[in-house]
Amino acid sequence: MGGKRKRLVRILALALAALLVLGTMASIVFSHDHAHAEAAAERDGYHLEIAFYEDAQALQIRQRLRYTNRTGGRLDRVEFSVYANMFRRVTALMYEGDVWQDVFPAGNAPGGIEFSRVLVDGEAADWGMMGEEELFLRVACDLADGEACEFTFEYTLLLTQNAASLGVGDTDWRLRGFYVQPLKYEYGEFVAPEPLQHANYVYADRADCALTLTLPERYLLAGPGEVASSDNGDGTRTWTLAAENIRELCVSFGMRWREYSAETSSGTRLRLLANARGAQDTLQTALQALEAYESWFGPLAWDVTIAQSDYALEALSLPGLIWASADGLTDTMALRRALAKQFFGYGAYPMPTEDAWLSDSVSAYAACLALKEAEGEDAFLAYLNGVILPEAQYTLPGVEVTSSAAILSAGEYESLVLGRGALVMHETCTAMGGETFLAALRLFYERGLTMDVVGEYDLVSALDDASGGDWEAFLTDWLFNVADYYVESYTLDSIE
């Protein structure tokens, strides 16, 4: 089952304009926890002070990071991701050329990060951008195992007008991968997976986050965790955010949103920031799905914000945050899937590229079960037979549900991972019984909260433990032979 872990580190470049002069001040504070099972010791700590330059579409950032070496050996350097530099050159973009017009409807203007200073424990550091394209940063240090130091980065982040997950749209600013973050250290080197549109970019450890941000009062803040604001009486509002146990801090702030909110019976807060018609219906659909998931899998580890975004073609799930276009807010199945991914994708965290099916196939089928819970058996079977089952009839040589997302086109990903993968989960659920299957997913999720990364055998183990059986052969057979079982007249049975 599954494929090898492929690591591809792409290197990209940047040169930006001069530093800006005026702006609205912001500060972000959050802690970064290398949550290994054997030690939940002192967490790394981030402190970011940010000046907001609305007209220039830029942020001036001073970031301090208290970093502890937990590699098991001595470090002579730490390597960091500088994801925003992807927007410096077209050769650095993760988007194929045939979609550039969609991503950059007004043209591709340069954007990214320019560093002005890098310090280690208050002293000027030996640092440099890595490789020809400069997507990653190397900072020299001398850290024994268990030893800590403080890195300081001062930089300008220039954002572009785009339809991507980092940039500025007509109504919202999207910040994903916007800060400097240490790469994971494995097998004697710092590594990161290849950036993909449908997968988490940074293979990061868990973090506790707190944010304070001052914005013009026409903006609202969208982000993970608990979000609150206070009026400063001068045309600005100060926003605070607190979120625990997340791997990546993603936020956005937008104009012309209205705020709607609800709370599950377990106390998880759900916010919706949107100006689209039918927002109350969207909130109700999302609340029903979240209530169902928490009743099956246990409380979600953080609050969730759904924000209308110029960017999102469909609901895009990020840690504690979902971006959706105005049309996407009415796509009930995409919203249900995005909410399920908060559990299986960020709570129980698989490798985002190599084992993407462990989040998206499971989440796609959980969304089907949420549909059944909300609209009944007939709606559930109609969706499975009309949308999920037909995906098994197409021939896609050389690729399987478990194939690395790096080799799949967007259409193949939707067909295999979301379609056939959901069908595999349905057959597993039918074979073992609905209650037992949900109990297995609960175990998978709960164990994922305490693990670094979950894998295929963690799912098999949860299936076995919940049922008292042995499900490896069954699951493997379906994962690799699902297309062979397609019969045109076949109709999915209901779950007992």
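Keep in mind that what you see is a predicted model, and the values were worked out from it rather than measured.

Caption draft 1: Looking closely at unusual backbone geometry. Here Tyr187, not a glycine, exhibits a phi torsion of approximately 55°, which is positive. When you line up the elements, Tyr187 lands in the loop between strand S13 (184–186) and strand S14 (189–191). In the Ramachandran plot, Arg256 falls in the positive-phi region, its phi being about 65° despite a non-glycine side chain. If you trace the backbone, Arg256 turns up in the loop between strand S19 (251–255) and strand S20 (258–263).

Caption draft 2: Local environment of the pattern of salt bridges. Inspection of every chain in the model, using the stated rule, returns 21 salt bridges. Of the charged contacts in the structure, one is a salt bridge between Lys372 and Glu377, with a shortest N-O distance of 3.3 Å. Between Asp465 and Arg447 there is a salt bridge, and its shortest N-O distance comes to 2.8 Å. Taken together, the residues span a long stretch of sequence, with Asp465 in helix H8 (residues 456–467) and Arg447 in helix H7 (residues 434–448) at a distance of 18 residues. For Arg447, a relative accessible area of 31% translates into the label partly exposed. It is possible to trace a salt-bridge network through shared partners that takes in Arg62, Arg117 and Glu154.

Caption draft 3: Region of the structure containing the state of the cysteines. If you walk through the whole model with that rule in mind, you get 0 disulfides. Here Cys141 stays unpaired: no disulfide links it, and the sulfur of Cys149, its closest cysteine neighbor, is 5.4 Å away. Under the relative-accessibility criterion, Cys141 is labelled buried at 14%. Here Cys149 falls in the buried class, since its relative accessible area comes to 1%.

Caption draft 4: Summary view of helix H5 (residues 377–388). Compared with the 16 Å implied by 1.5 Å per residue over 12 residues, the 15 Å span of H5 between its first and last C-alpha is a close match. Listing the buried residues of H5 in full gives Phe380, Leu381, Tyr383, Leu384 and Ile388. Along the axis of H5, the buried positions cluster into a sector of 160°, meaning they face one direction only. Those residues of H5 that are exposed and aimed more than 90 degrees away from the buried face are Asp378 and Gly386. For H5, the elements touching its buried residues are helix H3 (332–343), helix H4 (357–375) and helix H6 (410–432).

Caption draft 5: Highlighting H3. Here H3 is 12 residues long and its end C-alpha atoms lie 18 Å apart, about the 16 Å a rise of 1.5 Å per residue gives. Burial analysis of H3 places 11 of its 12 residues in the buried class, the great majority of the element. Among the residues of H3, Met333, Ala334, Leu335, Arg336, Arg337, Ala338, Leu339, Ala340, Lys341, Gln342 and Phe343 are the ones counted as buried. A positive backbone phi angle near 155° is found at Gly345, which sits one or two residues after H3.

What counts and what doesn't
Residues numbered from 1 in each chain as written. Predicted model: local features only at pLDDT ≥ 70, side-chain atom pairs only at ≥ 80, totals over all residues. Heavy atoms only, no water. Helix = DSSP H or I, 4+ residues; strand = E, 2+ residues; numbered from the N terminus. Salt bridge = Lys/Arg side-chain N within 4 Å of Asp/Glu carboxyl O. Buried < 20%, exposed > 50% of the residue type's maximum accessible area, 1.4 Å probe, protein only. Disulfide = S-S within 2.5 Å. Expected span 1.5 Å × (residues − 1). Arc of directions from axis to C-beta. Contact = heavy atoms within 4.5 Å.

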